[in-house]
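Structural overview
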Amino acid sequence: MEERTHYDVLGVPETATRDQIRAAYRKLVLKYHPDRSGTKATTDLFVEIVEAYSVLSNPTRRANYDAVLRIRREQRESARRVQPPPEAPKPESSPPPRERTASPSETERRCAVQLNEAMAAFSRGRLDRAEAIVRQVLRADYRIALAHAILGDILRERGDVKGAETHYAYAIQFDPHNPTYQRRYYGMHPHRQSSQSRGRAADRSVLPMLVAAAITLFCLGYIVFAKEPAAGLPAFVGTWTVGLLVMLFLNGVAMGAALSLTEAVDSCDVVMRTTTGRLSRAAALGIVAVVNFWAAAVLYLLLSIIQDTFTPTLTRVLALVGLLTSCYSVAAAMGEVISWSQTLLWGGNVVYLGVLGGWIVADAFREP
């Protein structure tokens, strides 16, 4: 028998809109309010109604609740499928010798060793090996939250957003008080949000998008009409000006903020760190990008082709920085002071640092 859900309590289908949920809640509150009927049964039902509405009226809490419902139903269905038919009684005979089975502590130790091996493989970019190990652990014990979280990291790295969110939801179900799992689940690209939430996010992103576009245009014009290079700069950027450095950085900040607020990228914390707190491949490439952006971009491209793992967020960030840097070099070629080759080779470093800064700051203003 299936458990009574919040939807059952309010008497609405799981596809109900927010207005339908609100209307059902108001109707039930009027009917079962303790002031109208003070019996224990109606009071308990009233508490259930309030709890159900508090979850279903919040888009984020409802999405998490729906994910848990889906997981529980899948588990029940899986249990029904694998349940063996009753066996016919066997004639009495001497019992066969018992096979030695691993004790719970042995199983836990073995799973811990395997998960450490999986994390090491994941950090080296061996995603196939890491995924195979984690799935082996889950076959041994499907309730290990860390295994689900690591598998979520692997699937996110492969660009499988839906699969990653599903396993992060499993991790939350089996370890509901772990803040790391919750951050990773809610930090994913929120395709599960309502259209109203997406509308609010779009409204918030209008200003940074306009600012980013304005700074880009101003920077392009500045490069074309620059007059005097700054003194004291290294030879490899000897034709640059201080104003160019400032504008490249600010342009990156505005673009990074726009990417975050439009939710075109996952949260920076999710991308840069794994579930276990280790630096991810994206973080390592980010360090390389500070030294030279194009080296990081080429390295990412080669690794992604070899491992067949194009991370959507990292791809968008690197593509944006590469596009801006290329536009700046074209503008420099049209001018007379700033070298287009210096801009092409080193401008991406400054823009990338700005994008990273704007991304991190804007994440604080994103809805969970």
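As a reminder, the structure under discussion sits directly above these lines.
All of the points below concern the structure found in this document. Along each chain, residue indices are assigned from 1 in the same order as the chain's sequence is written. Two thresholds apply to this predicted model, a pLDDT of at least 70 for residue-level local features and 80 or more for giving and counting side-chain atom pairs, whereas whole-chain, interface and lining totals are computed over all residues. With hydrogens and water set aside, each side-chain value is computed from the structure's full complement of heavy atoms.

Observations concerning the overall build of the protein chain
Secondary structure is summarised from DSSP: a helix means a run of H or I of at least four residues, a strand means a run of E of at least two, and numbering begins at the N terminus for each. Along its length, the protein chain carries 16 helices and zero strands. Relative to its 368 residues, the protein chain shows a buried fraction of 43%. Partitioning the contacts of the protein chain with sequence separation of at least 6, the portion at a separation of at least 24 is 68%. Summed over its atoms, the accessible surface of the protein chain is roughly 20,100 Å², and 62% of this surface lies on carbon and sulfur atoms. We call a residue buried when its accessible area falls under 20% of the maximum for its residue type, exposed when it is over 50%, and partly exposed in between, using a 1.4 Å probe and counting protein chains only. The contact definition used throughout considers only heavy atoms, calling two residues in contact when any of these lie within 4.5 Å. A 1.4 Å probe and the Shrake-Rupley method give the accessible areas. Residues count as covered only by the protein chains that appear here.

Here we look at the packing of aromatic side chains
By convention, a stacked pair of Phe, Tyr or Trp rings (six-membered ring in the case of Trp) has centres within 6.5 Å and planes under 30 degrees apart, an edge-to-face pair has planes over 60 apart, and any other such pair is tilted. One pass over the structure, following the stated rule, counts five aromatic pairs. Taking the centre distance of 3.9 Å and the plane angle of 10 degrees together, the rings of Tyr-25 and Tyr-53 count as stacked. With Tyr-25 in helix α2 (residues 18-32) and Tyr-53 in helix α3 (residues 40-56), the pair connects residues that are 28 residues apart, well separated along the chain. Tyr-53 matches Tyr-25 in its accessibility class, with the two residues each being buried. Ring geometry for Tyr-170 against Phe-174: centres 6.3 Å apart, planes inclined by 15 degrees, an arrangement best described as stacked. Of this pair, Tyr-170 and Phe-174 are both found in helix α8 (residues 161-174), four residues apart, which corresponds to roughly one turn of the helix. Overall, Phe-174 belongs to the partly exposed group, its relative accessible area being 23%. Pairwise contacts between aromatic rings join Tyr-142, Tyr-170 and Phe-174 into one cluster.

Looking at the pattern of salt bridges
Between Lys or Arg on one side and Asp or Glu on the other, a salt bridge is scored when a side-chain nitrogen of the former is within 4 Å of a carboxyl oxygen of the latter. Going through the model one piece at a time under the given rule, you end up with five salt bridges. Two residues, Glu-48 and Arg-4, come together in a salt bridge whose shortest N-O distance is 3.5 Å. Of this pair, Glu-48 sits in helix α3 while Arg-4 sits in the segment before α1 (6-10), and the two are 44 residues apart along the sequence. Glu-48 sits in the partly exposed class, given a relative accessible area of 36%. Of the charged contacts in the structure, one is a salt bridge between Arg-22 and Asp-19, with a shortest N-O distance of 2.9 Å. One end of the pair is Arg-22 and the other is Asp-19, both in helix α2 and three residues apart, which spans about a single turn. A residue is classified by how much of its surface remains accessible, and Arg-22, at 25% relative accessible area, is partly exposed.

Regarding the side chain of Gln-342
Structurally, Gln-342 is set in helix α16 (residues 340-363). The buried category is assigned to Gln-342, whose relative accessible area is 14%. Within polar-contact distance, the side chain of Gln-342 engages the backbone oxygen of Ala-235 at 3.4 Å. Engagement of the side chain of Gln-342 in a polar contact is seen with the backbone nitrogen of Gly-238, the distance being 3.4 Å. Sequence-distant contacts of Gln-342, that is, excluding residues within four places in its chain, are made with Ala-235, Phe-236, Val-237, Gly-238, Thr-239, Trp-240 and Gly-347. The term polar contact refers here to a pair of N or O atoms within 3.5 Å; inside protein, the definition further demands a hydrogen-donor-capable atom paired with an acceptor-capable atom, and it admits residues adjacent in sequence only when both atoms are side-chain atoms.

Let's talk about the environment of Ala-169
With respect to the element layout, Ala-169 can be found in helix α8. Spatially, the C-alpha atom of Ala-169 lies 6.6 Å from that of Tyr-185, the residues being 16 residues apart in sequence. Leave out the neighbours within four places in its chain, and Ala-169 touches Ala-67, Ile-71 and Tyr-185.

Section: the packing of helix α13 (residues 281-291) against α16
Every axis in this analysis is a line fitted to C-alpha atoms, fitted for helices over the stretch in contact. Angles between the N-to-C directions lie between 0 and 180 degrees. One can describe the packing of α13 onto α16 by two numbers: an axis separation of 7 Å at closest approach and a directional angle of 130 degrees. By the criterion of interaxial angle, the relationship of α13 to α16 is oblique. Counted together, Gly-286, Ala-289, Val-290 and Val-291 of α13 and Trp-346, Asn-349, Tyr-352 and Leu-353 of α16 form the full contact between these two elements. The residue inventory of the contact of α13 with α16, partitioned by class, reads six nonpolar, two polar and no charged. Any angle between 65 and 115 degrees counts as roughly perpendicular, while under 35 counts as roughly parallel, over 145 as roughly antiparallel, and the rest as oblique. Residues are grouped as follows: Ala, Val, Leu, Ile, Met, Phe, Trp, Tyr, Cys and Pro are nonpolar; Asp, Glu, Lys and Arg are charged; every other residue, Gly included, is polar.

Examining the nonpolar core
To form a nonpolar core, buried Ala, Val, Leu, Ile, Met, Phe, Trp, Tyr and Cys residues must be joined to one another through side-chain atoms within 4.5 Å. Judged by nonpolar contacts, the single largest core of 40 residues is most densely connected at Ile-223 and Leu-248. Counting residues per element, the ones that place at least two in this core are α10 (195-225), α11 (242-261), α12 (268-272), α13, α14 (293-307), α15 (312-334) and α16. With nine residues, α15 is the single largest residue contributor to this core. Once residues lying within four places of it in the same chain are set aside, the contact partners of Leu-248 are Cys-219, Trp-240, Tyr-328, Gly-347, Val-350 and Val-351. Membership of the second largest hydrophobic core comes to 30 residues, among which are Cys-111, Ile-144, Ile-154 and Ala-164.

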